[in-house]
Amino acid sequence: MAEDAVAAVPTEPTTLRKPRIKKAPDLPILERRNWLIHLHYVRKDYEACKALIKEQLQATEGVCEYAVYVQALILRLEGKIQESLELFQTCAILNPTSPDNLKQVARSLFLLGKHRAAVEVYNEAARLNNKDWEICHNLGVCYLYLKDLSKSKEQLNLALQLHRQELSTMTLGKIHLMEGDTEGAIQTYLQALQLSPESTELLTTLGLVYLQNGLFQKAFEYLGNALTYDPSNYKGILAAGCMMQSHGDYDVALSKYRVAASSVPESSPLWNNIGMCFYGKKKYVAVSMEMYYLFSFVFSIKATSSLDHPEVKVFHITVF
C-alpha cells in the first residue's frame with residue numbers, strides 16, 4: 001500500500017578502524033644528533049657536548065651547521081674568541097640566509113675590538129631581519145664604542161621601539177650622561193622604571209645620578225628602594241654609605257661598608273671610603289692601615305702604575 005511506510009533496510013554495523021600511528025620521520029644524518037648536542041649544551045656538560053660534536057662532524061664531513069654553531073659557542077665561553085669567529089663564519093657560509101649566524105659573527109668581532117667590522121656584519125644581518133631589537137641594540141653599542149653618539153642613540157631608540165627592555169635603556173641613559181644631558185638621562189631611567197619597577201640596576205643608577213647632582217633626598221629614596229630589593233647590592237651600599245659619610249655619620253657609613261666588604265673585599269673605592277671614615281673620626285693609625293691595604297690592592301692589580309688606578313681617588317669619598 002502507498003500509505004505503508006517504507007522500512008529501512010538494516011545494514012551491518014561498520015567497524016571502526018584504529019588510526020595508524022604515524023612513524024616519526026627519519027632525520028637526515030646531518031641533523032640526527034642535534035637534540036642530544038643541545039641537551040648537553042644547556043646542561044653545561046661541555047665535555048660530553050664536544051665529544052658528540054666531534055662524532056657528528058666526522059659523520060657529516062664537517063657540514064653540520066648546528067654542530068659547528070654550538071662548538072663555536074663553547075669556544076667563546078672558553079675565551080677562544082678568534083677560533084669561535086672562524087667557526088661562526090663557517091656557519092654563515094653553510095647557511096648565508098640565517099641572521100643568527102651573522103649576529104654571532106658580529107658578536108665575536110665586537111669581542112675582538114673590531115667594532116667597525118662588527119657594524120658592517122650587523123647591518124647585513126639587519127637586512128635579513130629588520131625587526132630584531134637585539135641587532136639594533138648591538139649596533140647602538142658598537143657606535144658608542146666608535147664615539148658616534150648620534151647613530152648610537154638612533155639605533156638604541158629603534159631597539160626600544162621594537163622591544164621595551166632594560167638593557168637598551170641603560171645604554172641610552174649612559175649616552176645622555178656622556179653628553180651632559182642629566183635631565184634626559186633621568187627621564188630615560190624613569191620611563192624604564194615604569195616597565196621594571198623592581199630593577200635594582202635602574203634604581204641604583206637613578207640614585208647615583210641624583211647623588212652626583214646634589215639631590216640627596218631623591219638619591220636616598222631610590223638607593224633605599226634598591227637595597228630593599230637587594231640588600232647585598234654593592235653599588236647601592238657604597239652610595240648610601242657615601243651619603244652618610246658626607247654628613248658626618250661615620251659609624252653608620254662604616255656599618256654599611258662592612259656589609260659591602262663581605263661580598264666585594266677587593267673594591268678599592270670601598271677601602272678608600274673606609275679609610276676616610278677613620279680619618280674623619282681622627283683615628284689616624286686605622287687610616288694608615290686602610291690606606292696600606294688599599295694601595296697594596298692597587299699595586300697588585302696594576303703594578304706598572306703608581307696611584308693612577310681609575311677607581312682610586314685618595315683623600316676623597318668615592319662612589320664608583
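Residues numbered from 1 in each chain as written. Predicted model: local features only at pLDDT ≥ 70, side-chain atom pairs only at ≥ 80, totals over all residues. Heavy atoms only, no water.

Looking at an unreviewed UniProt entry, one finds the chain named Bardet-Biedl syndrome 4 and attributed to Engystomops pustulosus. Of the chain, the UniProt comment under Sequence similarities (unreviewed entry) reads exactly: "Belongs to the BBS4 family." (UniProt positions renumbered as here; feature names shortened; annotations may be inferred.)

Enquirer: Explanation requested: the packing of aromatic side chains in the structure shown.
Expert: The geometry of two aromatic rings is summed up by the distance between their centres and the angle between their planes. Applying the stated criterion to the full structure yields four aromatic pairs. The interplanar angle of 75° and the centroid separation of 5.6 Å between the aromatic rings of Tyr-69 and Phe-88 together place this pair among those described as edge-to-face. With a gap of 19 residues between them, Tyr-69 in helix α3 (residues 65–77) and Phe-88 in helix α4 (residues 81–94) connect regions that are remote in the sequence. As far as the burial class goes, Tyr-69 and Phe-88 line up, both buried. Ring geometry for Phe-110 and Tyr-145: centres 5.4 Å apart, planes at 85°, overall edge-to-face. Of the two residues, Phe-110 is situated in helix α5 (residues 99–111) and Tyr-145 in helix α7 (residues 133–145); the sequence distance between them amounts to 35 residues. Exposure remark for Phe-110: the relative accessible area of 13% places this residue in the buried category. (Phe/Tyr/Trp six-rings, centres within 6.5 Å; stacked < 30°, edge-to-face > 60°. Helix = DSSP H or I, 4+ residues; strand = E, 2+ residues; numbered from the N terminus. Buried < 20%, exposed > 50% of the residue type's maximum accessible area, 1.4 Å probe, protein only.)

Enquirer: Whenever I open this one, the UniProt feature "repeat: TPR" (unreviewed entry) in the chain confuses me. Can you help?
Expert: Feature annotation in UniProt assigns "repeat: TPR" (unreviewed entry) to the following positions: residues 166–199 and 200–233. Taken as a whole, residues 166–199 contains 79% helix and 0% strand, while its terminal C-alpha atoms sit 9 Å from one another. As a span, residues 200–233 carries 79% helix and 0% strand, and end to end its C-alpha atoms are 8 Å apart.

Enquirer: Even after reading the chapter, I still don't get helix α15 (residues 268–280), so can you show me in this structure?
Expert: Note on helix geometry: an α-helix contains 3.6 residues per turn, so any two residues three or four positions apart are oriented the same way. The terminal C-alpha atoms of α15, which comprises 13 residues, lie 18 Å apart, in line with the 18 Å expected from a rise of 1.5 Å per residue. Most of α15 sits out of view: 10 of its 13 residues are buried. Backbone geometry just after α15 places Lys-282 at a positive phi near 65°. (Expected span 1.5 Å × (residues − 1).)

Enquirer: Help me out: how do you make sense of the environment of Ala-253 in this one?
Expert: Take Ala-253: it is sitting in helix α14 (residues 250–263). Taking relative accessible area as the criterion, Ala-253 reaches 0% and is therefore assigned buried. Put simply, Ala-253 and Ile-274 are 21 residues apart on the chain and 8.3 Å apart in space, counted from C-alpha to C-alpha. Non-local contacts of Ala-253, meaning those with residues more than four positions away in its chain, are made with Gly-241, Met-244, Gln-245 and Cys-277. (Contact = heavy atoms within 4.5 Å.)

Enquirer: Looking at this structure, how should I read the nonpolar core?
Expert: Judged by nonpolar contacts, the single largest core of 34 residues is most densely connected at Ile-37, Ile-53 and Tyr-122. Taken together, the elements giving at least two residues each to this core come down to α2 (46–59), α3, α4, α5, α6 (115–128) and α7. With eight residues, α3 is the single largest residue contributor to this core. In contact with Tyr-122, other than residues within four places in its own chain, are Lys-103, Ala-106, Arg-107, Ile-135, Asn-138, Leu-139 and Cys-142. Counting residues in each nonpolar core, the second largest holds 19 residues, with Tyr-189, Leu-203, Tyr-210 and Ala-226 among its members. (Core = buried A, V, L, I, M, F, W, Y, C linked by side-chain atoms within 4.5 Å.)

Enquirer: Explain the layout of surface pockets to me, please; I cannot follow it from the model alone.
Expert: Empty space left among the atoms is revealed by rolling a probe the size of a water molecule over them. In this structure, the second largest pocket encloses a volume near 200 Å³. As for the second largest pocket, its lining consists of His-137, Val-141, Leu-144, Tyr-145, Lys-147, Leu-167, Met-170, Thr-171 and Lys-174. Contributions of two or more residues to the lining of the second largest pocket are made by α7 and α9 (166–178). (1 Å grid on protein atoms, 1.4 Å probe; cavity = no way out; pocket = protein on both sides within 12 Å on 5 of 7 lines; lining within 4 Å. Points joined across faces, edges and corners; volume = space filled by probe spheres on them.)

Enquirer: Can you walk me through α5 in this structure?
Expert: With 13 residues, α5 extends 18 Å between its outermost C-alpha atoms, agreeing within 8% with the 18 Å of an ideal straight helix rising 1.5 Å per residue. Burial in α5 covers these residues: Pro-99, Asn-101, Leu-102, Lys-103, Gln-104, Val-105, Ala-106, Ser-108, Leu-109 and Phe-110. Following α5 by one or two positions, Gly-113 adopts a phi angle in the positive range, close to 85°.

Enquirer: Hey, could you run me through the pattern of salt bridges in this one?
Expert: Side-chain pairing between opposite charges can occur once the charged atoms of the two side chains come close. Scanning the entire structure with this criterion turns up eight salt bridges. With a shortest N-O distance of 2.4 Å, Arg-33 and Glu-55 are connected by a salt bridge. Residue Arg-33 is found in the segment before α1 (34–42), and its partner Glu-55 is found in helix α2; the two are separated by 22 residues along the sequence. Taking the relative accessible area as the measure of exposure, Glu-55 reaches 39% and is therefore partly exposed. (Salt bridge = Lys/Arg side-chain N within 4 Å of Asp/Glu carboxyl O.)

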